[in-house]
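# Overview (structure and organization)
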Amino acid sequence: MLRYAAGRIVLTVPVLFGVSLMSFAIIHLIPGDIVSVLAGPTVALDSEAAQNIRRALHLDQPLPVQYGIWLMGALRGDFGNSLVMGLPVAPQIVSHLPVTLVLTAMSLLFAIAVGLPAGVAAAKTRGRWPDLFIRAVALLGLSTPPFFVGVAAVLLLSLYWPSFKILSAVDLRHDPLGGIRTLLLPAFVLSLASATTIMRYTRAAMLEVLTEPFMATARAKGAGRLRVLIRHGLRNALLPVVTAVGVTAAHLVAGAVVVEQVFGLPGIGQLMLNAIYHRDYTQVQATVLVVTTLVVLINIMVDLSYYALDPRIQQHG
Amino acid sequence: MSLLRVENLRTYFDTRSGVMKAVDGVDLDVREGKTLGVVGESGSGKSVTALSIMRLIERPGRILPGSHIYFEGKDLAAVSERELEAVRGNRISMVFQEPMTSLNPVHTVGNQIIEGIRLHRRTSARQARERAIELLELVGIPSPERRVDAFPHQMSGGMRQRVMIAMALACEPKLLIADEPTTALDVTIQAQILELLRQLRDRLAMAVILITHDLGVVAEMCDDVAVMYAGEVVERGSVDAIFRSPQHPYTEALLRSIPLLGMTQDEPLNVIPGVVPSALHWPGGCRFAARCSYAFQHCHRQPPALVATRSGFAACWLRGNATERSQRGAATDA
Ligand SMILES: Nc1ncnc2c1ncn2[C@@H]1O[C@H](COP(=O)(O)OP(=O)(O)OP(=O)(O)O)[C@@H](O)[C@H]1O
Ligand code: SF4
Ligand SMILES: [Mg+2]
């Protein structure tokens, strides 16, 4: 197990390297000279002021050097100062990250709690009304973007259930329970598409497993239907489902950005959007790096759970 | 004393192209402690019969009302699912054809055997594990204390089939149904598994239903035999009598197709000309008529019933209804 885990983690080093390169490159992909944006259009690009800005941001250095300086800082947890506020970026990230993490984790939990049983039920009743119903709802869930559901939920709830505090402040550190309560609705909205994905993968995997001879063996032993379905069926179908969870987790992180905006949640997504809006490039770089690293970490966990779930990998790992 | 009596078993599958009458009025009798061989060409309904006895038929299949499966004083065709679960794996067990896929790949073989034990016996996890090791030893698996924690993919086909047998024997069933237990295995392993089954049967005094393509195996291992053709039993009785004097032309043809000692496995066994009719629409009269060298007009018109013969029972117009035959006057000498 440890060897396998170590192997997976070593493999992610180049991935994280690529991620950092990409996050860094973003600043240079955006059209227009940063300095003119920062100093304002009226300042000449070769003036003293412009040169000072360049030097402060190491923009006078060749690109690889700039990247090196930035990466070394990032590794130490120093993402530089916000261009807009002049304050270090790192503490901002630390204060915004928990909301995003909790929101994503809760959504994932919802998505699994709904998608998994729904997929099993759909497979078991293939072609009959429960299956048709589940698939119809899923189609709806997949084709409705979270921002629409989010806005609709906010509007409807504030109209018909005004006492339900939708947009209350979230302070996970001092009021974790209250924070989680506030996050319930956003997490639910965010989980819809993922629940659909997980349902579909579960259904497909279960349909395949249901015809496996070992399912008949289990029934022939005298195991009850539910037991066969879960212990023998789902347990085998879980492998492709875990893949779905990995894929959908990446979408969740991306979706969190939107949902945070709709519900006014102080998460990384909000921080990132603000940074983009204000052209606060150091902040953009840092948030992009954190978010993508998060996705990479989720995928490592997915990989490790393969190992835990499938004895056939263990033999080779 | 008969342990299991199947009467008029009919199992149909509702498919897109119509109703598949896979098993269409099967009668069987398994005597206590004896072995019944079930033979017949591919598609004749042997597996569906076996699954039906344990009521393991899943959608779109259904066992028709009017079917009876008498076992230990109960009609399994009529009891509740819960009662059946108490019978399956406990009083009646089953070994399937495909050892490679019949074991669950994500659980250790030990845990799969233990599950079989603990579904029916109140024992501690520890005791069940010890019993599992005992069972593995019983079926001839070397170093069972170690193998109990192995996963199926770490075992050969023959070993897996031994595990399947161990699992089936977990609660010492009265009846073991083995559906072509050796077809998927190498020839040398086949002989070993059959020998194992024979030993265990004698030791545990179980009755066995052995489904096979191989009449040689029937001759060697079985007390009784039932010959299936096109979803029906066309002949049944004791192996001795039927092998000495088959009463149904299909049985006769099958016996003629047994490879003689020294013939290779590759030579075709199926020397009966023609093909099995489709389960979607069986022919109206005798289902074997199109391939029967004795067939006469009446055979195509009316299905013959299973009647007593000097070797047991057979369903053929040549036996039984003699007046009918002479009236038609088209019979060939049998
Ligand atoms: N799940 C199913 N759905 C539809 N038809 C089925 C199903 N299972 C079996 N059948 C049909 O029932 C008929 C009998 O099949 P069965 O498996 O009992 O044959 P068999 O005698 O065991 O043959 P083999 O020697 O090849 O194992 C076949 O025509 C088959 O197509
Ligand atoms: S009933 Fe007729 S066709 Fe059928 S087996 Fe007998 S002789 Fe042949
Ligand atoms: Mg079969």
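An unreviewed UniProt entry annotates chain A as ABC transmembrane type-1 domain-containing protein originating from Bradyrhizobium jicamae. Listed under Subcellular location (unreviewed entry) in UniProt, the entry text for chain A is "Cell membrane". In its Sequence similarities (unreviewed entry) section, UniProt records this for chain A: "Belongs to the binding-protein-dependent transport system permease family."

A few words now on the packing of aromatic side chains. Ring pairs (aromatic) are described by centroid distance and by the angle formed between their planes. One pass over the structure, following the stated rule, counts 7 aromatic pairs over all chains. With a centroid separation of 5.8 Å and an interplanar angle of 40°, the aromatic rings of Phe24(A) and Trp70(A) are classed as tilted. Taken together, the positions of Phe24(A) in helix α1 (residues 2-29) and Trp70(A) in helix α4 (residues 63-75) put the pair 46 residues apart, joining distant regions of the chain. With respect to class, Phe24(A) is no different from Trp70(A); both count as buried. Between Tyr67(A) and Trp70(A), the ring centres sit 6.4 Å apart and the planes meet at 35°, which makes this aromatic pair tilted. With Tyr67(A) and Trp70(A) both in helix α4 and 3 residues apart, the pair spans about one turn of that helix. On the basis of relative accessible area, Trp70(A) is assigned to the buried category, the value being 9%. An aromatic cluster is built from Phe17(A), Phe24(A), Tyr67(A) and Trp70(A), whose rings are joined through pairwise contacts. Positioned above the aromatic ring of Phe313(B) is the side chain of Arg236(B), whose terminal nitrogen or guanidinium carbon lies 5.0 Å from the ring centre.

A word on the UniProt feature "transmembrane region" (unreviewed entry) in chain A. Residues and elements named next belong to chain A. What UniProt calls "transmembrane region" (unreviewed entry) maps, in this numbering, to residues 9-30, 93-120, 132-160, 180-199, 237-264 and 284-309. Between the C-alpha atoms that bound residues 93-120 the distance is 39 Å, and the span itself is 100% helix and 0% strand. End C-alpha atoms of residues 284-309 are separated by 38 Å, and the span's content is 100% helix alongside 0% strand.

Cut-offs and rules
- Residues numbered from 1 in each chain as written.
- Chains lettered and ligands numbered in written order.
- Predicted model: local features only at pLDDT ≥ 70, side-chain atom pairs only at ≥ 80, totals over all residues.
- Heavy atoms only, no water.
- UniProt positions renumbered as here; feature names shortened; annotations may be inferred.
- Phe/Tyr/Trp six-rings, centres within 6.5 Å; stacked < 30°, edge-to-face > 60°.
- Helix = DSSP H or I, 4+ residues; strand = E, 2+ residues; numbered from the N terminus.
- Buried < 20%, exposed > 50% of the residue type's maximum accessible area, 1.4 Å probe, protein only.
- Lys NZ or Arg CZ within 6 Å of the ring centre and 35° of its normal.

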